[in-house]
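# Geometric and topological summary
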Amino acid sequence: MKLTPDEQIYMVNGQSFFGMGELPDKDIPRIQMLDGGTGLNFEQLFGDMLTKANHSGKGTAAFRNVLNNFFQPDSLETTEERELYDWLRGRLRALIPEMTAPGCYPPGMMLGATWNPETVHEVGQALGHEARAYGIHVLLGTPNINLHRDLRAGRLFEGYSEDPYLSSQLAPELVRGVQSQGVAANVKHFAANNQETNRQGINEIIPERALRELYLPGFEACVKAGCATVMAAYNQINGVPCTENNWLLTDLLRDEWGFDGLVMSDWYAVYHPAAAVNAGCDVNMPGPVSAEPLKAAFADGSLDPEKLAESAERAVMLARKYVQPPTGHIDRDMTDRAAYKAAAEGIVMLKNYPQKGEKERNCCPLPSSAKIALLGTQNGELLVCGGGSACVWTDRNTNLLTELRKRFADVRIGLYDEADTLIYVLNVPGQEGNDRKTIRVKQEEQQKISELHGYTNRHNMRSVLLFNTSGPVTGWALSFWDAMFWVSLPGMQGASALADILCGKVNPSGRLPVSFPYSENDMPTYLNFPGDGMTATYGEGIFVGYRYYSTRYHLNIDDQFAEYAFGYGLSYSAFEVRDLRVESGSIENGLDLLAEVENTGDVAGKTVVQVYVHDPVSALTKPVCELCAFRKVFAEPHQTVTVRMHVDRRAFESWDSDLHTWTLEDGIYILNATVETPDAIDWQNTADITLRCDAESPYSWGVNTSIKEIYETPELNAALHRFMDAHGLAWEHVLTTYEYTAKDSVSLMLKNAGCSDEVIAEADAVWRKMRYLKK
């Protein structure tokens, strides 16, 4: 049934804070949205319930108290609070009669640390399953795919990695998992929403190559995985708001990538309603949104009626496909298992030394006889989630003190005389809306940590430091402890998984998805973040994270800025990878690789095989290496396992900002495998696989090659000398060009020297015959 223009306008405007419009007489049901990627957000759900019922409780102090004490109602003190609690509980029971609370799952950064697509898929299934139970049709932020550009970003913990390839292999599995349950996934924030400071309208000046190589691949991968919805971001990219960016939302997303789903705005990210619809932003959120601006634009012709009709049709199609009644049931075993596995595989062991006075036995795993003093920023409590959209209110969180007491002889809060082990939980939260001012741990907490470490030395105690942080942290007092673990924000099963790792039931297998620098001023973005006023310049270009640190380290081994490199993580066992080889394929069509991985230790466990590509000589500036394949693999003690991996053609390509396309340069490429980090590879002297691409490229030697490259390449310089002499051309033409306009092509130089087209074609043949020399 065809919609009228007024009905179309109604459908492209949000009608409640987390709801779209409905037209029952035309069989169009209402879409209910909710965050998110770490679990269902009760603040949003309750707020939408109150808004739809025209209830006055939303935004009050009573609402905040009820939300914070929803699972401890005896703590509510006023009649207003108790009445609001009863009202919300009644509405909730109508949705989910068994009243099972939503689960809290590890955020994107910890899912990134699993390096395991299967684990991410299972979390997606659990999230989708719970969303169906509560009658949620679109689960927002599944995933948040924004890159880890700067470690001070407030929502860093929601993204997956500093590496676009790792993100592109993991995040689509969350999409597939959520949508396998009949719930629409939502990929956000499109695109390059990499800071909270001035996020509404900040103009991000991003080089075209950095945009294509770093900030867009994760979104493209999620589109290819079939995501149902995409959220357009607050920010501008190179002067154009994302919600009004026709190139971003139509030319790229739909025409180039083939996206056929619905684009919604981030909340209050539409600044000019008609321009947003015309650009391809289908739904303006949140509601209720006034229809008048679009009606006026429709009347004066500034709103494209075809674009309006297309957007409304996408909203209708989404509703008809995904609106289903709530199941009202949550499988606790399945969802708890998914949360546990993600935490167990994402926790990263950073250090494991013997305690002072011991030589044979590392600090962890701790013996069951351990007597543990538990301390921390919040007295040993774990932060399980971040703030804002990613916050989850639940009664399903495991407790670290309780879990440790199940596994060890004696565990108490605070120091006590009999204790032989001290565990300190360092809490650093992260939240939407605010960037972190620094990644340095507060001076007073560092002093406390230092004093406690001194106490453990004096009393011959084991010392374990847990980084329960929303991102990397730095500090002078953090490196002295016997054992250190990064536990991120580990979700509801984090305490259980962590306790199992500390006692040795689980062998840690997490690997860092982001580099930990020695100091925040070592970050490549240090001076470019968060920008000047309403402008942020991405002056670091493609050199983000290990692309920067490893390149600096490769050029000078004294330039080691990363304390814990991307891909780093320890195990209770030891692994080696060898015999990386090509099973089939080619650079042009993709490669299938094989490698042998041996567990050389005495404990079964998992490791991550990482394959990096290196281009020794390239026309475009490139990092020393880039991740191109990985596989998480399990091996029993002293077992050798054959691992299969695939490398796409895209791994060898770069985006040329002058040609505005992906290019594959001819020449030599090197692949190396490691179970450590890219910095463990000596790129000057190590080559597990050496490959040559002989396909012609825009950089193939010929008359369009610059005089600079010809002059500075000895073999080409000699050939040019011979050519100039053979045709009676003065070498002065070359010298003058090299001195003043070195980027001029050979063709232009020869034309200026008076050569005919035939002579230039002859020169072209000379250079092309020498392609075999290109490295």
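Before going into details, it helps to say that this report is about the structure given with it.

Quick look at helix α14 (residues 332-346) now. Helix length check: α14 (15 residues) gives 21 Å between terminal C-alpha atoms against 21 Å at 1.5 Å per residue, within 8%. In terms of residue burial, α14 counts as a mostly covered element, since eleven of its 15 residues are buried. Buried within α14 are the following residues: M334, T335, D336, A338, A339, K341, A342, A343, A344, E345 and G346. Between the side-chain oxygen of the N-cap and the backbone nitrogen of D333 there are 3.1 Å, and the N-cap of α14 in question is D331.

Among the nonpolar cores identified, the biggest contains 167 residues, and L92, Y134, F190, Y215, L426, F652 and L671 are the most heavily contacted of them. Per-element accounting of this core gives the leading share, seven residues, to helix α7 (residues 164-179). With residues near it in sequence (within four places) discarded, L671 still touches L580, L591, L593, V611, Y612, V613, C628, F652, A687, D688, I689 and L691. Membership of the second largest hydrophobic core comes to 34 residues, among which are A228, Y234, V283 and L303.

Before going further, it helps to spend a moment on the state of the cysteines. What the rule picks out here adds up to zero disulfides. Cysteine C222 remains unbridged, with the sulfur of C227 as its closest cysteine sulfur at 6.1 Å. You can see C693 has no disulfide; the closest cysteine sulfur is in C628, sitting 15 Å from it.

One can describe the packing of helix α20 (residues 714-726) onto helix α23 (residues 757-769) by two numbers: an axis separation of 11 Å at closest approach and a directional angle of 150°. Compared by their axis directions, α20 and α23 come out roughly antiparallel. Seen along the crossing, α20 lies across α23 with a hand that is right-handed. Between α20, through L716, A719, L720 and F723, and α23, the contact on the second element is made entirely by V759, E762, A763, V766 and W767. Along the lines of polarity and charge, the residues of the contact of α20 with α23 split into eight nonpolar, no polar and one charged.

Now for the sheet that holds strand β20 (residues 605-614). Spatially, the four strands line up as an open sheet ordered β21-β20-β25-β26, and their pairing is antiparallel. Only two strands of the sheet have a single partner each, and these edge strands are β21 (626-635) and β26 (689-693). Strand-to-strand, the axes of this sheet are offset by a mean angle of 20°, without reference to chain direction.

Looking now at the environment of L67. For L67, the position within the fold is in helix α3 (residues 61-68). Note: C-alpha distance between L67 and K622 (555 residues apart in sequence) is 50 Å. Those residues in contact with L67 that lie beyond four places of it in its chain are F42, E43, F46 and W393.

This part is about the side chain of D666. Among the structural elements, D666 can be located in the loop between β24 (661-663) and β25 (667-674). At a separation of 3.3 Å, a polar atom in the side chain of D666 contacts the side chain of S700.

G36 follows D35 through a cis peptide bond whose omega is 5°. We note that S488 has phi near 55°; this positive angle belongs to a residue other than glycine. By the secondary structure assignment, S488 is in the loop between β14 (483-486) and α17 (494-503). The buried category is assigned to S488, whose relative accessible area is 0%.

Relative to strand β11 (residues 410-413), strand β10 (residues 371-376) is paired through four bridges, and the arrangement is parallel. Bridged to L374 within β11 is I413. Considered for its hand, the β-α-β crossover made up of β10, helix α15 (residues 400-407) and β11 is right-handed.

Quick notes on the rules
Residues numbered from 1 in each chain as written. Predicted model: local features only at pLDDT ≥ 70, side-chain atom pairs only at ≥ 80, totals over all residues. Heavy atoms only, no water. Helix = DSSP H or I, 4+ residues; strand = E, 2+ residues; numbered from the N terminus. Expected span 1.5 Å × (residues − 1). Buried < 20%, exposed > 50% of the residue type's maximum accessible area, 1.4 Å probe, protein only. Polar contact = N/O pair within 3.5 Å; in protein donor to acceptor, adjacent residues only side chain to side chain. Core = buried A, V, L, I, M, F, W, Y, C linked by side-chain atoms within 4.5 Å. Contact = heavy atoms within 4.5 Å. Disulfide = S-S within 2.5 Å. Axes fitted to C-alpha atoms, helices over the stretch in contact; angles between N-to-C directions. Parallel < 35°, antiparallel > 145°, perpendicular 65-115°, else oblique. Left-handed = near helix turned anticlockwise from the far one by under 90°. Nonpolar A, V, L, I, M, F, W, Y, C, P; charged D, E, K, R; others polar. Pairing = 2+ DSSP bridges. Right-handed = clockwise from strand over helix to strand, strands pointing away.

Remember, this is a structural readout, not a statement about activity or role.
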